[in-house]
Amino acid sequence: MTANGWIQILFFFGAIALCAKPLGVFLHRVMEGERHFLAGPLGWLERLVYRLGGVSGEEQSWRAYAGGMLAFSAFTLLVTYLIQRLQHVLPFNPQGLGAVEAGSAFNTAASFTTNTNWQGYVGEATMSYLSQMAGLAWHNFISAAAGIAIATALARGLTRKGDGSRWGTIGNFWVDLTRATVYVLLPLCLVIALLFVSQGMIQNLAPYQEVATLEGGKQVIAMGPVASQEAIKQLGTNGGGFFNANAAHPFENPNALTNFLSMFLIFLIPGALTCTFGRMAKDPKQGWALFGAMSLLFLVGAGVTYWAEADGNPILAGLPVSQPIGNMEGKESRFGVANSALYATVTTDASCGAVNSMHDSFTPLGGLVPLFNIQLGEVVFGGVGAGLYGILVMAILSVFIAGLMVGRTPEYLGKKIETREVKLAMLYALVFPLVILAFTAWASVAPYGLSSRNNEGPHGLSEILYAFTSATGNNGSAFAGISANTPFYNTALGLAMLMGRFWMIVPVLAIAGALSGKKAAPPGLGTLPTGGPLFVVLLIGVTVIVGALTFFPALALGPIVEHFLAQAGKVL
Amino acid sequence: MSEIKIALRMTIVTLVLTGLVYPLATTALAQVMFPRGAGGSLVHGGDGRVVGSELIGQPFASPRYFQPRPSAAGSGYDASASSGSNLGPTSKKLRDRIVADVERLRKENPQAAGPIPSDLVTASASGLDPHLSPAAALWQVPRVAAARGASADEVRGLVESRIEPRFLGFLGEPTVNVLLLNLDLDRRFGRRMAAD
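Overview of the structure. (Residues numbered from 1 in each chain as written. Chains lettered and ligands numbered in written order. Predicted model: local features only at pLDDT ≥ 70, side-chain atom pairs only at ≥ 80, totals over all residues. Heavy atoms only, no water.)

### Some details on the overall build of chain A
No. 1: Within chain A, the secondary structure is distributed over 18 helices and 5 strands.
No. 2: For chain A, the C-alpha radius of gyration of 23 Å lies close to 25 Å, the compact-globule estimate for 572 residues.
No. 3: With respect to the three principal axes, the spread of C-alpha positions in chain A is 75 × 55 × 45 Å.
No. 4: For chain A, the proportion of its 572 residues judged to be buried stands at 67%.
No. 5: The long-range fraction of contacts in chain A, counting pairs at least 24 apart against all pairs at least 6 apart in sequence, stands at 79%.
No. 6: Within the structure as shown, chain A displays about 17600 Å² of accessible surface, and the carbon and sulfur contribution to it stands at 68%. (Helix = DSSP H or I, 4+ residues; strand = E, 2+ residues; numbered from the N terminus. Rg over C-alpha atoms; globule rule 2.2 N^0.38 Å. Buried < 20%, exposed > 50% of the residue type's maximum accessible area, 1.4 Å probe, protein only. Contact = heavy atoms within 4.5 Å. Areas by Shrake-Rupley, 256 points an atom, 1.4 Å probe, with all protein chains shown as cover.)

### Considering the state of the cysteines
Residue and element names in this part refer to chain A.
No. 1: Considering all chains together, one arrives at 0 disulfides over all chains under this definition.
No. 2: We note that Cys-275 lacks a disulfide partner, and the nearest cysteine sulfur, in Cys-19, lies 11 Å from it.
No. 3: Judged by relative accessible area, which is 9%, Cys-275 ranks as buried. (Disulfide = S-S within 2.5 Å.)

### Describing the interface of chain B and chain A
No. 1: Residue-level contacts link 101 residues of chain B with 112 residues of chain A.
No. 2: Carbon and sulfur atoms make up 65% of the surface buried where chain B meets chain A, a total of about 8400 Å² over both sides.
No. 3: The interface formed by chain B and chain A contains 1 salt bridge.
No. 4: Linking Arg97(B) and Glu329(A) is a salt bridge whose minimum nitrogen-to-oxygen distance equals 2.7 Å.
No. 5: At the surface where chain B touches chain A, the tally comes to 51 residue pairs in polar contact (both at pLDDT 80 or more).
No. 6: Where the side of chain B that touches chain A is concerned, the elements lending two or more residues are helix 1 (3-33), helix 2 (35-38), strand 2 (50-53), helix 3 (92-108), strand 3 (116-117), strand 4 (131-132) and helix 7 (178-189) of chain B.
No. 7: The dominant element in the side of chain B that touches chain A, judged by the number of residues it contributes, is helix 1 of chain B, at 24 residues.
No. 8: Residue composition of the side of chain B that touches chain A, by class: 50 nonpolar, 36 polar and 15 charged. (Buried area = accessible area lost by both parts, 1.4 Å probe. Salt bridge = Lys/Arg side-chain N within 4 Å of Asp/Glu carboxyl O. Polar contact = N/O pair within 3.5 Å; in protein donor to acceptor, adjacent residues only side chain to side chain. Nonpolar A, V, L, I, M, F, W, Y, C, P; charged D, E, K, R; others polar.)

### Topic: the packing of aromatic side chains
Residues and elements named next belong to chain A.
No. 1: Applying the stated criterion across every chain yields a total of 31 aromatic pairs over all chains.
No. 2: Aromatic side chains Phe-439 and Phe-468 sit 5.3 Å apart centroid to centroid with 5° between the ring planes, which places their arrangement in the stacked category. Remark: Phe-468 occurs in helix 16 (residues 457-472) and Phe-439 occurs in helix 14 (residues 419-445); sequence separation between them is 29 residues. The exposure classification of Phe-439 matches that of Phe-468, with both residues buried.
No. 3: Taking the centre distance of 5.3 Å and the plane angle of 70° together, the rings of Trp-442 and Phe-488 count as edge-to-face. Residue Trp-442 is located in helix 14, and its partner Phe-488 is located in helix 17 (residues 487-516); the two are separated by 46 residues in the primary sequence. (Phe/Tyr/Trp six-rings, centres within 6.5 Å; stacked < 30°, edge-to-face > 60°.)

### Description of a nonpolar patch on the surface
No. 1: The grouping of Leu78(A), Leu82(A), Leu86(A), Val89(A) and Leu90(A) at the surface amounts to a nonpolar patch, some 430 Å² of accessible area in total.
No. 2: As for its position among the elements, Leu90(A) is in the loop between helix 3 (62-85) and helix 4 (102-113). (Patch = residues over 30% accessible without salt bridge, like charges linked within 9 Å, V, L, I, M, F, W, Y side chains within 5 Å.)

### Regarding the packing of helix 1 (residues 3-31) of chain A against helix 7 (residues 173-198) of chain A
If you want to describe how two helices pack, look at the angle between their axes and the distance between the axes.
Residues and elements named next belong to chain A.
No. 1: Between helix 1 and helix 7, the shortest axis-to-axis distance is 9 Å and the interhelical angle comes to 135°. It follows from the interaxial angle that helix 1 and helix 7 lie oblique. With respect to the hand of their crossing, helix 1 and helix 7 are arranged in right-handed fashion. Two secondary-structure elements touch here, helix 1 through Phe-26, Leu-27, Val-30 and Met-31 and helix 7 through Asp-176, Arg-179, Ala-180, Tyr-183 and Val-184.
No. 2: In terms of residue class, the contact of helix 1 with helix 7 is made up of 7 nonpolar, no polar and 2 charged. (Axes fitted to C-alpha atoms, helices over the stretch in contact; angles between N-to-C directions. Parallel < 35°, antiparallel > 145°, perpendicular 65-115°, else oblique. Left-handed = near helix turned anticlockwise from the far one by under 90°.)

### Considering the sheet that holds strand 5 (residues 163-164) of chain B
Residue and element names in this part refer to chain B.
No. 1: With respect to topology, 3 strands assemble into an open sheet ordered 4-6-5, the strand pairing being antiparallel. In this open sheet, the two edge strands, each paired with only one partner strand, are strand 4 and strand 5.
No. 2: Pairing of strand 5 with strand 6 (residues 175-177) involves 2 bridges; the strand directions are antiparallel. Its bridge partner being in strand 6, Glu-164 is matched across the sheet by Thr-175.
No. 3: Running at roughly 55° to strand 6, helix 7 makes contact with strand 4 and strand 6 of the sheet. (Pairing = 2+ DSSP bridges.)

### Focus: the nonpolar core
No. 1: Counting residues in hydrophobic clusters, the biggest one holds 197 residues, and the most contacted among them are Ile269(A), Phe298(A), Tyr412(A), Phe468(A) and Leu509(A).
No. 2: Sort the elements by how many residues they give to this core and helix 6 (residues 129-159) of chain A lands first, with 17 residues.
No. 3: The residue makeup of this core includes at least three contributed by each of domain 1 (1-39) and domain 2 (56-189) of chain B.
No. 4: Not counting chain neighbours up to four residues away, the residues in contact with Phe298(A) comprise Phe12(A), Phe13(A), Phe267(A), Leu342(A), Thr345(A), Val346(A), Asp349(A), Val380(A) and Phe381(A).
No. 5: Counting 37 residues, the second largest nonpolar core, distinct from the first, contains Val144(B), Ala145(B), Ala150(B) and Leu180(B). (Core = buried A, V, L, I, M, F, W, Y, C linked by side-chain atoms within 4.5 Å. Domains from an automatic or database assignment.)

### What about helix 7 of chain B?
Residue and element names in this part refer to chain B.
No. 1: For helix 7, built from 12 residues, the straight-helix expectation of 16 Å at 1.5 Å per residue is met to within 8% by its first-to-last C-alpha distance of 16 Å.
No. 2: Counted residue by residue, helix 7 has 9 buried out of 12 residues, so it is predominantly covered.
No. 3: In the core, the buried residues of helix 7 are packed alongside strand 1 (42-44), strand 2, strand 4, helix 5 (141-148), helix 6 (152-161) and strand 6.
No. 4: Sitting at the head of helix 7, Asn-177 places a side-chain oxygen 3.2 Å from the backbone nitrogen of Leu-179.
No. 5: Among the residues trailing helix 7, Gly-190 stands out with phi positive, at a value near 90°. (Expected span 1.5 Å × (residues − 1).)

### Thoughts on the layout of surface pockets
No. 1: Empty space within the largest pocket amounts to approximately 610 Å³.
No. 2: Around the largest pocket, the lining is made up of 28 residues, and of these Ala281(A), Asp283(A), Gln286(A), Leu413(A) and Gly414(A) lie nearest the centre.
No. 3: Of all elements in the fold, only helix 6, helix 10 (284-310) and strand 4 (411-412) of chain A reach the threshold of two or more residues within the lining of the largest pocket.
No. 4: Residues of the lining of the largest pocket, tallied by class, amount to 11 nonpolar, 8 polar and 9 charged.
No. 5: The calculated volume of the second largest pocket comes to roughly 500 Å³.
No. 6: In terms of lining residues, the second largest pocket is bounded by 33 residues, among which Pro324(A), Ile325(A), Ser133(B), Ala135(B) and Glu173(B) are the most central.
No. 7: Secondary structure elements with two or more residues in the lining of the second largest pocket: helix 1, helix 10 and helix 11 (336-349) of chain A together with helix 4 (134-139) and helix 5 of chain B.
No. 8: Broken down by element, the residue count for the lining of the second largest pocket peaks at 4 residues, all from helix 4 of chain B.
No. 9: Split into classes, the residues belonging to the lining of the second largest pocket amount to 19 nonpolar, 10 polar and 4 charged. (1 Å grid on protein atoms, 1.4 Å probe; cavity = no way out; pocket = protein on both sides within 12 Å on 5 of 7 lines; lining within 4 Å. Points joined across faces, edges and corners; volume = space filled by probe spheres on them.)

### Quick notes on the pairing of strand 2 of chain B
All names here are of chain B.
No. 1: Two elements, strand 1 and strand 2, share 3 bridges in a ladder whose sense is antiparallel. Note on strand 2: the bridge partner recorded for Val-43 is Gly-52.
No. 2: The hairpin turn running from strand 1 into strand 2, its antiparallel successor, is 5 residues long, and Gly-48 in that turn takes a positive phi close to 90°.

### Comments concerning the side chain of His139(A)
Residues and elements named next belong to chain A.
No. 1: Within the element layout of this structure, His-139 appears in helix 6.
No. 2: Residue classification places His-139 among the buried residues on the basis of a relative accessible area of 1%.
No. 3: A distance of 3.1 Å separates a polar side-chain atom of His-139 from the backbone oxygen of Thr-76.
No. 4: In this structure His-139 touches Thr-76, Leu-77, Thr-80, Phe-112, Thr-113, Ala-144 and Asn-238, once residues within four positions along its chain are discounted.

### Quick word on the side chain of His28(A)
No. 1: As for its placement among the helices and strands, His28(A) is situated in helix 1.
No. 2: If we skip the residues at most four places from it in the chain, His28(A) touches Glu34(A), Thr276(A), Arg279(A) and Met280(A).

### Examining the pattern of salt bridges
No. 1: Counted according to the given criterion, the structure contains 25 salt bridges over all chains.
No. 2: For Glu46(A), the salt bridge is made with Arg179(A), and the minimal N-O distance between the two is 3.2 Å. One end of the pair, Glu46(A), is in helix 2 (residues 39-53); the other, Arg179(A), is in helix 7, and 133 residues separate them in sequence. When sorted by exposure, Glu46(A) lands in the same class as Arg179(A), which is buried.
No. 3: Between Arg162(B) and Asp184(B) there is a salt bridge whose closest N-O contact spans 2.7 Å.

Here you go:
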């Protein structure tokens, strides 16, 4: 490890911390329909979307909100499936690529609808420019906007003055979706995309360039509208790359500046949303407590990964090779080990899944951290919106557990947490390991599951575990050696993504509805303060225990065993 | 209006706005404002024809050129099939590949000083890494100088003038662009040797 590496990590974190409040305040104004500086220049677009969409904007119950979200997701999934299947007869296909195979098209449609952006396909050899723009980047916007919408809805449920009814209203899904898209995602992306192009990220609709290399060989260079997709891929914590190598591809991430901006964009909105939540609760400390818990978990993860990777690849032991710059298999020279380790931590803390290095070739412990981060539920800043609602569910479980310890009815922001809410929160917490571990177990004993591995021994198990963890967590990064474009993996991973998204969002919206109607009581002497360091520690504890204990046996058989094998100099 | 109908209409509205208007408008603006970057940062050789992209690595096997890192993209530096090796830290395949590369590099670089810098035997993430670490470029100087009949100091000078420092002095890693360096070699010492 070098001082310069640590300076880069801390500089990145400082930038996120600085932007959390200004953007958080702006997001609050946008989502609650208050005055803000973009309402003038872009108000016409918001109104136009409502008129064309037939949106009236009345308050919805959680059932209507969830119903709208589910219907929208179903339609958009279908459209993306159809675009891929018909891309050979649609425009913007200069390479003349054929229709995407049905299983892969389903997997990809599910993947982008759920904000996972798992890539079972090779982008530059499979997807036409229309499929990339209208099939995939479109979902990058709307799945991110839906995430912001749902997080806002849950925050409303927690912070609204209830009238004592059994189920309260939580906002309007279409209004939330439109405001997040029109005022936040679109304008930011346009500016960032152009900044990216200025640094060498490509943005064209040209056919692939064929060049004669300096030594006289032939090289076919893939082209495409990359920068526009890259901007929303990072800002919306989507992560689906234009190219197979994702953000390791020099056209998708040309230099250290674009690399820094990419990581910055991943954490930007999730960091700010904690502050938005604090404003909605009319108590900024509530938001900073969440930010604090996330920050500690992030810094520990980044430090461990950096340490593991900087130490070098144990497989080189005994060879006349020097590795002062760390484990460089699967890493790009311009990023080096520090930026690769940081990127891997950021992309898995959030539900992004973009990669600038190949996690499959990380050292065992360096690869353990990304896997563990996703298994925590991606609540360390997390996905756009998904991180906030995830950590709020953990906060509800934390006050419940604290309540059990002292024998008092738990409450959060003055609202009593009762049987119904805890059941829903536990449903959210249990769906996740159930889906991951059940599918992993299945794939680990079936011949059609095992044949896709790229590595032997415990590392092969890690590849399978990572695939289902990533799919269910809607992350999308991979131990990419696994050949996931098979009928079994396309189907199983596609289902895991849909379960990991919708089986978790519906309980969240139900919690929002259940809490929205409740009257808030002023804090008493026995109330656990949820805006201070004590709560931060409790929240981290609950998050780690819910994450770690369920997955520890699987991790022990994968990366942990591999660590000891590697230290002993074994190869398989 | 029922939620289903709104969902259908919003599907179309968002598809047109974010899936077509946004990327096409970005493309138009990018083509006007930054045509070189938008088009792939193509590089021209001495005779004016395009020899590749500044950002995309290409294969070099001749001892007269600096060689790039191993590549897992297609059969090597296939710029329409980007990929890493995805071999893990206990992979026998990885160990065997590295051992073979070490032997080859030792044979090709008998005068090279010190152990081989690790980036010369590790495959990059994209398979298209256009760079080497400065150490990995400098390590190859004796071979290139001998093959070109040039002095090692002169070749080393070319490498040093191609070292790109960290952005703002602290972001990223220092690198050497292999294609640009090799073009420098051709400019200085000529593209072909008499024996070619």
